[in-house]
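Take a look at the letters that make up each chain.
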Amino acid sequence: PGAPPGTGSALMREELATVRRTIDNLTRDQLAIAYKWNDGAGTYTPPGHWNDIAAEYVRDARMSEVRAARTFALLNMAMHDAAVACWGVKFQHYNPRPAQLDPGIRTKIGLPNFPAYPSGHSTFSAAAATVLGSIFPQAAADFDAMADEAGISRLYGGIHYPSDITQGKAHGNRIGAHVVSWAATP
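These numbers were taken from a predicted model, which means no experiment stands behind them.

Engineer: Mind laying out the pattern of salt bridges, listing which residues take part and the relevant values?
Structural biologist: In the structure shown here, the tally under the stated rule is 5 salt bridges. As a salt-bridge pair, Arg20 and Asp24 come within 3.2 Å of each other at their nearest N and O atoms. With Arg20 and Asp24 both in helix H1 (residues 10-24) and 4 residues apart, this pair spans about one turn of that helix. By relative accessible area, Arg20 is classed as partly exposed at 30%. Between Lys169 and Asp148 there is a salt bridge; the shortest N-O distance is 2.5 Å.

Engineer: Which residues make up the packing of helix H3 (residues 45-60) against helix H6 (residues 120-135), and what values do they have?
Structural biologist: It is at 10 Å that the axes of H3 and H6 come closest, and there the two elements cross at 25°. For the element pair H3 / H6, the angle class is roughly parallel. In terms of crossing hand, the pair formed by H3 and H6 is right-handed. On H6, the residues that touch Pro46, Pro47, Trp50 and Ala54 of H3 are His121, Phe124, Ser125, Ala128, Ala129 and Leu132. The residue inventory of the contact of H3 with H6, partitioned by class, reads 8 nonpolar, 2 polar and no charged.

Engineer: Tell me about the packing of aromatic side chains, and name the residues and values.
Structural biologist: This model, assessed by the stated rule, comprises 7 aromatic pairs. Seen in terms of ring centroids, Tyr57 and Phe136 are 5.6 Å apart; in terms of plane orientation they differ by 45°. Their pairing is tilted. Separated by 79 residues along the polypeptide, Tyr57 in helix H3 and Phe136 in the loop between H6 and helix H7 (140-156) bring together distant segments of the chain. Judged by its relative accessible area of 3%, Phe136 falls in the buried class. Their ring planes at 45° and their centres at 6.0 Å tell us that Trp87 and Phe124 sit as a pair that is tilted. Here the residue Trp87 occupies a position in helix H4 (residues 65-93), and Phe124 occupies one in helix H6, the gap between them amounting to 37 residues. In this structure Trp87 comes out as partly exposed when scored by relative accessible area, which is 26%. Taken together, the aromatic side chains of Tyr57, Phe136 and Phe143 make up a single cluster linked through ring pairs.

Engineer: Would you mind going over the packing of H3 against H7 in detail, with residue names and values included?
Structural biologist: The interhelical angle for the contact between H3 and H7, taken along N-to-C directions, is 160°, at an axis separation of 13 Å. Taken together, the axes of H3 and H7 lie roughly antiparallel to each other. Here H3 and H7 pass one another in a crossing that is right-handed. Contact with H3, carried on its side by Trp50, Ile53 and Tyr57, involves Asp142, Phe143, Met146 and Ala147 of H7 and no other residues of that element. When its residues are assigned to classes, the contact of H3 with H7 shows 6 nonpolar, no polar and 1 charged.

Engineer: Can you explain the environment of Pro47? Please cite residues and give values.
Structural biologist: Note on placement: Pro47 falls in helix H3. Considering only alpha carbons, one finds Pro47 and Val180, 133 residues apart in sequence, at a separation of 17 Å. Pro47 has contacts with Met79 and Phe124, leaving out every residue within four places of it along the chain.

Engineer: Kindly report on the side chain of His171, identifying the contributing residues and their values.
Structural biologist: Mapped onto the elements of the fold, His171 is located in helix H8 (residues 162-183). We classify His171 as buried; its relative accessible area is 10%.

Engineer: Pulling in residues and values, what's your account of H8?
Structural biologist: If you check H8, its first and last C-alpha atoms are 32 Å apart, about what 22 residues at 1.5 Å a residue would give, namely 32 Å. Buried within H8 are the following residues: Ser163, Asp164, Ile165, Gly168, His171, Gly172, Ile175, Gly176, Val179 and Ala183.

Definitions and limits used
Residues numbered from 1 in each chain as written. Predicted model: local features only at pLDDT ≥ 70, side-chain atom pairs only at ≥ 80, totals over all residues. Heavy atoms only, no water. Salt bridge = Lys/Arg side-chain N within 4 Å of Asp/Glu carboxyl O. Helix = DSSP H or I, 4+ residues; strand = E, 2+ residues; numbered from the N terminus. Buried < 20%, exposed > 50% of the residue type's maximum accessible area, 1.4 Å probe, protein only. Axes fitted to C-alpha atoms, helices over the stretch in contact; angles between N-to-C directions. Parallel < 35°, antiparallel > 145°, perpendicular 65-115°, else oblique. Left-handed = near helix turned anticlockwise from the far one by under 90°. Contact = heavy atoms within 4.5 Å. Nonpolar A, V, L, I, M, F, W, Y, C, P; charged D, E, K, R; others polar. Phe/Tyr/Trp six-rings, centres within 6.5 Å; stacked < 30°, edge-to-face > 60°. Expected span 1.5 Å × (residues − 1).

See below:
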């Protein structure tokens, strides 16, 4: 993705205000979504979350061991590529978290110790949803909805701006599509 909004820009002020409004008016359902996708430090975080989701679909499809292994291999290739690409962009731009620009923002989940842009949850989740949607096309819309929920959970947690989420999702979709394209080659 391109660069994030500049920290002194009107767009960044608007995005920061969106985070502040969201945190100040968070519903119980939104907080539940933030906690659902947070997983926490030292846990399986987004890749493990998506492996857990995939396991249910693999089980329900009664896949052979070979097909199941291929499914998990493609899923995890996409998420590995998403991690490398996302963190490369994060450390290229070093964009501060919302609470670092507005100390009045109190996050609902832990504040990660790495830059904000783009959202890792959005990048991982879009890549995973794209791959899983190609393997289980009947559930593609469900995977996309889960990816959207994972992304927005970070706004609800107060740790990401809207552009972090939208750009992360677009980046993850491209990465997932690349893995799907690669998997289609002999």
